[in-house]
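The primary structure of each chain is shown beneath.
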Amino acid sequence: MPDVTTDVRIRPLDELDLNGIVRINEKITGAYEPDLWEKRVMFYTRRDPGASQVAEANGKVVGFMLGDCRAGEFGLEEPSGWIERFGIDPDYRGQDLGRRLFDAICAHFKAEGATSVRTLVDQNDAPVAGFLKAIGFGESSLAALERKL
Amino acid sequence: MALKVENVELPKKYHDAVEHWHRHNFKDYDLLLKYWDKYFPKDDQFCLCAKMELGTTDVIQIGEQKGEKKRLKPEEMTPEQSGHLLAIIKAQASTEFGSIQQHAATVDRAPEDEDKFWTMRVMAEELRHGYQMLHLLLSEDWSSVSGGVTGEQMVEEILSMTTGSHVLDAFNLDYDSYTDNVVFAACIDRVGKYQLTMQKVCAYKPMADSMPPMLREEAFHLAAGVIPMRRWAQKAAKGDVFVTMRMMQHALNKWVPRGLEMFGDERGGDTNVNFGFKDMKNDEASSLYHEELRKMIRDINTRYIRARFPDYTPEKTEQVLDELERSRGTHHGLAWTDLLRLPDKRFFRRKGVHAFQMVGIDGEPFTDVEDWLRYLAANLNDGYIASRDMKLYAEALRSVVSGEKTPAEAIKSMPRLKRVGGTCPCSKGVRWVMEDADGGQTTVAVR
Ligand SMILES: CC(C)(COP(=O)(O)OP(=O)(O)OC[C@H]1O[C@@H](n2cnc3c(N)ncnc32)[C@H](O)[C@@H]1OP(=O)(O)O)[C@@H](O)C(=O)NCCC(=O)NCCS
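We now turn to the structure provided with this report.

What counts, and where the lines are drawn
Residues numbered from 1 in each chain as written. Chains lettered and ligands numbered in written order. Predicted model: local features only at pLDDT ≥ 70, side-chain atom pairs only at ≥ 80, totals over all residues. Heavy atoms only, no water. Helix = DSSP H or I, 4+ residues; strand = E, 2+ residues; numbered from the N terminus. Contact = heavy atoms within 4.5 Å. Buried < 20%, exposed > 50% of the residue type's maximum accessible area, 1.4 Å probe, protein only. Areas by Shrake-Rupley, 256 points an atom, 1.4 Å probe, with all protein chains shown as cover. Lys, Arg positive; Asp, Glu negative; His and termini not counted. Charge placed at Lys NZ, Arg CZ, Asp CG, Glu CD. Expected span 1.5 Å × (residues − 1). Arc of directions from axis to C-beta. Axes fitted to C-alpha atoms, helices over the stretch in contact; angles between N-to-C directions. Parallel < 35°, antiparallel > 145°, perpendicular 65-115°, else oblique. Left-handed = near helix turned anticlockwise from the far one by under 90°. Nonpolar A, V, L, I, M, F, W, Y, C, P; charged D, E, K, R; others polar. Near = heavy atom within 4 Å. Polar contact = N/O pair within 3.5 Å; in protein donor to acceptor, adjacent residues only side chain to side chain. Salt bridge = Lys/Arg side-chain N within 4 Å of Asp/Glu carboxyl O. Disulfide = S-S within 2.5 Å. Buried area = accessible area lost by both parts, 1.4 Å probe. Pairing = 2+ DSSP bridges.

1. Observations concerning the overall build of chain B
For chain B, the helix and strand inventory stands at 16 helices and 7 strands. For chain B, long-range pairs separated by at least 24 residues make up 69% of all intrachain contacts whose partners lie at least 6 apart in sequence.

Quick look at the structure:
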């Protein structure tokens, strides 16, 4: 077991965090997907540098939260934060890292003028839905709708 | 989305001069803007303007005047301070424009359109960073510390520099292939990140306020270097004959020493800290930089090993990498030297404490100058070893080894290209100038 008692630092994402994110995702989903994460990291690095956050322990990435601040989509003219992907290394869960990442990304969104933060969740994914509820997400008048084609 | 930033445009004649400059030095600028939405959908449009961060501290954070109010005008600083800062701003401006000229030479050789557009965005943002520095030169009067040179003349000088005449060596080297575009972004823009980060504290507030917007753009530049390198590593591992680790290693060998030298002599940096312009001295910053490169290279090597041994878990990959780094041996046909290696801090240096030492990539010492030059020739790309830069390096090194010159004299004798005159790069000549040890100059060649 890794030493999970050491201090964990929350800091903005950079391009050298890619391997860490790929590894955490692989631990969670079992899929090794470097191409996908290279695209996502590049996207957030250019879209809203400084917004996305990672948690680092002993120089190793143990958690990440990716998102950006947007305006002008779905008729929402005011800037709002969007959280897209996040994950905590299973060895480091239950230590408030998810919440600390969320606080850091929200601080950035606020500095950009956002007054709300949004995300989409698969209601069947009880752990993620539970986490989002615990950090304060509630029902929105906007709903994600879907129709099969 | 932008944080709280004020966009400022230069007076028209200077804005037009920068527009004119990019028509000569960055011919695909309009192409980039035309296809911006295709390659960077929904990103803010590119703005050729200076961006000043709002809401930053107005208290000096470091140095002898810590706690005092930040300076808003050159005359609020001592002449030594403003003269020193002026040199920093001019050097920074020179590097920004310089890198565009370097990128422009080989950007068209990018293997994929996406690569090319990433590089072009980097170039456009460097143009903006240069513009930002021109704003700092023009928005206040520096003539009391510039030896009477006006803002207009300083801008003219900067815009007329070409590869070879820039203030820092890394911006005087031609690119030999598109590999240089990418490795330069990964290694030299990383120095830029360090410089900008250190200058966020700058006691001259307009300089400090210029840094955060530049740094946010720099994040993309680093990714535009590292991500193609990662993809190339994967291709190399899968046996792509046109993409090799060796080609990336040769580019690292070319750029990492120049990157280390951009921090200045390892023994210096006190003045910047005392004056409140930067929050780290040269040695500390360059050591952190070198360690960050180690991380970058390990990441790329990890990507390579996973592609070469797809069944390996992340843990197994880490183990193999640790073992190869320790043993410098082989693992199932994969040699340590097949991976990327971080050049030793002393490797191929021509400035600073390690100038003209003969130390290999992995720290191995050389005693015979000809053996050393043969080793360098085998570890740099062919286009580069056939260059004037290498010829002059070899001459300077031989003179140090023979005792004819001290390293300090040899450093000074490396020629620099200086501008002769004219405002437009299409209408002016430049010449090689050899600076004598006593500061005198001898013209070597005209082109
Ligand atoms: C959900 C996840 C982010 C939680 O991270 P964490 O660091 O363990 O969470 P924290 O310790 O910060 O917990 C914050 C709050 O969420 C709650 N919480 C965490 N996990 C929860 C769960 N599975 N169910 C319900 N609530 C949960 C905590 O109890 C805590 O609430 P409290 O402060 O009221 O006590 C983490 O389990 C995870 O990464 N899951 C996988 C996510 C995924 O599938 N990613 C795929 C790649 S995008």
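Continuing now.
2. Topic: the overall build of chain A
Along the backbone of chain A there are 4 helices and 5 strands. Reading the secondary structure of chain A in the N-to-C direction produces β-α-α-β-β-β-α-β-α. For chain A, the spread of C-alpha atoms along the principal axes amounts to about 45 × 35 × 30 Å. Counting only residues that meet the buried cut, chain A has 48% of its 149 residues in that class. Contacts in chain A between residues far apart in sequence, at least 24 positions, make up 65% of those at least 6 positions apart. Summed over all atoms, the accessible surface of chain A reaches about 7,700 Å², with 53% contributed by carbon and sulfur. Positive and negative side-chain charges of chain A, numbering 19 and 25 respectively, have mean locations separated by a distance of 2 Å.

3. Side note on the environment of G94 of chain A
Here G94 of chain A is to be found in the loop between strand 4 (80-88) and helix 3 (97-111). With 17 residues separating them along the chain, G94 of chain A and E77 of chain A place their C-alpha atoms 36 Å apart.

4. Examining helix 1 (residues 12-25) of chain B
Owing to its 3.6 residues per turn, the α-helix aligns residues three or four sequence positions apart on the same side. Residues and elements named next belong to chain B. Taking 1.5 Å per residue, 14 residues should reach 20 Å; helix 1 reaches 20 Å between its end C-alpha atoms and fits that length. Regarding helix 1, the residues found buried are Y14, H15, V18, W21, H22 and N25. One face of helix 1 carries all of its buried residues, which in axial projection span an arc of 115°. Facing away from the buried side of helix 1, by more than 90 degrees, are the exposed residues K12 and R23. Buried residues along helix 1 sit in contact with helix 2 (29-34), helix 4 (79-106), helix 5 (113-138) and helix 6 (151-159).

5. With respect to the packing of helix 5 of chain B against helix 6 of chain B
To describe two helices that pack against each other, one gives the angle between their axes and the distance between the axes. All names here are of chain B. Look at helix 5 against helix 6: their axes get within 9 Å of each other, and the N-to-C directions meet at 155°. Viewed along their axes, helix 5 and helix 6 adopt a mutual orientation that is roughly antiparallel. Crossing angle aside, the handedness with which helix 5 passes helix 6 is right-handed. On helix 6, the residues that touch L134, L137 and L138 of helix 5 are G151, E152, M154, V155, I158 and L159. Class assignment of the residues belonging to the contact of helix 5 with helix 6 gives a composition of 7 nonpolar, 1 polar and 1 charged.

6. A closer look at the side chain of N272 of chain B
Residue and element names in this part refer to chain B. Here N272 is to be found in helix 10 (residues 270-274). We classify N272 as buried; its relative accessible area is 10%. Setting aside chain neighbours within four positions, we find N272 in contact with H84, I88, F277 and K278.

7. Some thoughts on the site of the ligand
Residues and elements named next belong to chain A. Taken together, 18 residues surround the ligand, and among them F86, I88, G94, D96 and R99 come closest. The separation between an oxygen atom of the ligand and a polar main-chain atom of Q95 is 3.4 Å. When the ligand sits alone it has 930 Å² of accessible area, and the protein chains cover 69% of it. Counting only elements with at least two residues in the shell around the ligand, the list comes to helix 1 (18-29), strand 4, helix 3 and helix 4 (126-134).

8. Brief notes about the pattern of salt bridges
Two side chains that carry opposite charge are able to pair once their charged atoms sit near each other. With the rule as written, the count across this model stands at 59 salt bridges over all chains. For the salt bridge of R23 of chain A with D89 of chain A, the shortest nitrogen-to-oxygen distance reads 3.7 Å. Of this pair, R23 of chain A sits in helix 1 while D89 of chain A sits in the loop between strand 4 and helix 3, and the two are 66 residues apart along the sequence. Across the pair, D89 of chain A and R23 of chain A agree in class, each one buried. For E318 of chain B, the salt bridge identified is with R298 of chain B, shortest N-O distance 3.0 Å. Remark: R298 of chain B occurs in helix 11 (residues 282-308) and E318 of chain B occurs in helix 12 (residues 314-327); sequence separation between them is 20 residues.

9. Structural notes on the state of the cysteines
For the structure on display, the rule yields 1 disulfide over all chains. Across the disulfide from C47 of chain B sits C49 of chain B; the S-S distance is 2.2 Å. Judged by the torsion about the S-S bond (135°), the C47 of chain B/C49 of chain B disulfide is right-handed. Judged by its relative accessible area of 24%, C47 of chain B falls in the partly exposed class. Free of any disulfide, C106 of chain A has its nearest cysteine sulfur in C69 of chain A, 10 Å distant.

10. Overview of the side chain of R47 of chain A
By the secondary structure assignment, R47 of chain A is in helix 2 (residues 34-47). A distance of 3.2 Å separates the side chain of R47 of chain A from the side chain of D68 of chain A, its partner in a polar contact.

11. What about the interface of chain A and chain B?
Chain A puts 28 residues into the contact, and the matching count from chain B is 32 residues. A combined buried area of about 2,700 Å² lies between chain A and chain B, and 53% of that area is made up of carbon and sulfur atoms. Of all residues in chain A, the largest losses of buried area upon contact with chain B belong to L16, M42 and R46 of chain A, amounting jointly to 26% of the total for that side. At the surface where chain A touches chain B, the tally comes to 9 salt bridges. Among the salt bridges present, the one from E38 of chain A reaches R230 of chain B, with a minimum N-O distance of 2.7 Å. Between chain A and chain B we count 10 residue pairs in polar contact (both at pLDDT 80 or more) in total. Listed by contribution, the elements that provide at least two residues to the side of chain A that touches chain B are helix 1, helix 2, strand 3 (60-70) and helix 3 of chain A. Among the elements that take part in the side of chain A that touches chain B, helix 2 of chain A stands out by supplying 8 residues, more than any other.

12. As for the pairing of strand 3 of chain A
Residue and element names in this part refer to chain A. Across the 11 residues that make up strand 3, a large majority, 10, are buried. Summarising the sheet, strand 2 (residues 53-57) and strand 3 pair through 5 bridges and their orientation is antiparallel. Each bridged residue has a counterpart across the sheet, and for Q53 the counterpart in strand 3 is M65.

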